[in-house]
Amino acid sequence: MNGNTFRMPARRLVTAAAATALAAGPAALAGAGPAQATGDHGRASATVLRTGLDVSLLNKTVNVPLTVTLNEVRAPQSAEKTALTARLDGVDGGKPFSVLRADVAQAKATATAARSEGRTELAHAKVHVPGLPLLSLIEVGKVTSTATCEAGKAPVADANLLGAVTVLGKKVTLTTGGPTEVKVPGVGEVRLDLSKTRTTSTTAAATALELKVSVNPLDLNVAEVDGTLTLAEATCESPAAPEPEAAQPPAKAEEPAAEGKAEPAADVQPQGARAEAGLAETGGSSATPYIAAGAAALVLAGGGALVLARRGRG
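The rules we used
- Residues numbered from 1 in each chain as written.
- Predicted model: local features only at pLDDT ≥ 70, side-chain atom pairs only at ≥ 80, totals over all residues.
- Heavy atoms only, no water.
- Core = buried A, V, L, I, M, F, W, Y, C linked by side-chain atoms within 4.5 Å.
- Buried < 20%, exposed > 50% of the residue type's maximum accessible area, 1.4 Å probe, protein only.
- Contact = heavy atoms within 4.5 Å.
- Salt bridge = Lys/Arg side-chain N within 4 Å of Asp/Glu carboxyl O.
- Pairing = 2+ DSSP bridges.
- Helix = DSSP H or I, 4+ residues; strand = E, 2+ residues; numbered from the N terminus.

What's the story with the nonpolar core in this structure? I'm lost.
General note: in soluble globular proteins, nonpolar side chains tend to be found buried as a group. Counting residues in each nonpolar core, the largest one holds 62 residues, and the members touching the most others are Leu137, Ile138 and Leu209. Apart from residues no more than four positions distant in its own chain, leucine 209 is found in contact with Ile138, Val140, Val143, Leu161, Leu174, Leu192, Asp193, Leu194, Leu229, Thr230 and Leu231.

Laid out in structure tokens, this is it:
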């Protein structure tokens, strides 16, 4: 019998063991490293002016929507435009009319993996609606709004109104305690909500002024104007918080060697246990006698095969 027959299985076992070790190595290294941050960019937006108005003509058979925005941006973007005009069929012959004019009208939105923010500012602004070309719906000194969302922190929303406010030609004082209503006979009424903010665990929104409008100017073929108008709006959404790095277990302090250790107790194990203990000390185990007997049997079988081979040759 060829000796290579016995060596082949051993080679295959060694090769398989090596392949297993190589495959397990990268997996073990990957598991040992710290967790990587997977934060995602947040979101932000900013709008200086937004209208959602419905304009009815004098015959009341036609309703013309007035839906316009000024400086509406989404991160990362900014805009600065101080005037907004619009055209409506059937209103003043379709000529353009001014919706808003201001000295400052800025909107800015930024977003990174750590922070997102929307910010708006409006100063010395006048807002008009169809049918009231000479009378401002509202005039404001300065309004600002900011929404800030940082990864891992509570979002913050803030809105401020500075300076005088005039609604339909009347100066008004706004409070945060509730909406303010302004009524002008023969013209209409406006309801104002000041500095509206809201936050959740991951989002924030701020609006400096929100107006509920209902006017009946009876001019320029306009019968009624109803709807809402928003000044200085900002929103944000928090970026995903980075995953914490894997905590490493603290290193154990080495115990100092004890001096004057007590002598080990006398061996009182039974004879069978002593035999097993002796095998353990020499690297053997309880299966060692059986292995030795099997090896001896293989040696004897090999010797017998050799004798038979020699006799066959003779």
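Which parts of the structure should I look at to understand the pattern of salt bridges?
Pairs can form between side chains of opposite charge whenever their charged atoms are close. Taken as a whole, this structure holds 9 salt bridges when the rule is applied. Across the pair lysine 153 and glutamate 150 runs a salt bridge whose closest N-O atoms are separated by 3.6 Å. Exposure remark for lysine 153: the relative accessible area of 53% places this residue in the exposed category. The partly exposed category is assigned to glutamate 150, whose relative accessible area is 26%. One salt-bridge network, in which partners are shared between bridges, spans Arg115, Glu117, Arg119, Glu150 and Lys153.

Explanation requested: the pairing of strand β10 (residues 156-167) in the structure shown.
For a regular strand, side-chain orientation follows a simple rule: the groups alternate between the two sheet faces. As defined by bridge partners, strand β9 (residues 138-150) adjoins β10 across 10 bridges and the pair is classed as antiparallel. Paired with glutamate 139 across the bridge in β10 is threonine 166. Adjacent in sequence and paired antiparallel, β9 and β10 are bridged by 5 residues, among which glycine 152 carries a positive phi angle near 80°. One ladder, built from 3 bridges, connects β10 with strand β11 (residues 170-172); its direction is antiparallel. Of the residues in β11, the one forming a bridge with threonine 166 is lysine 171.

From the geometry alone we can't say anything about function, so treat these as descriptive.
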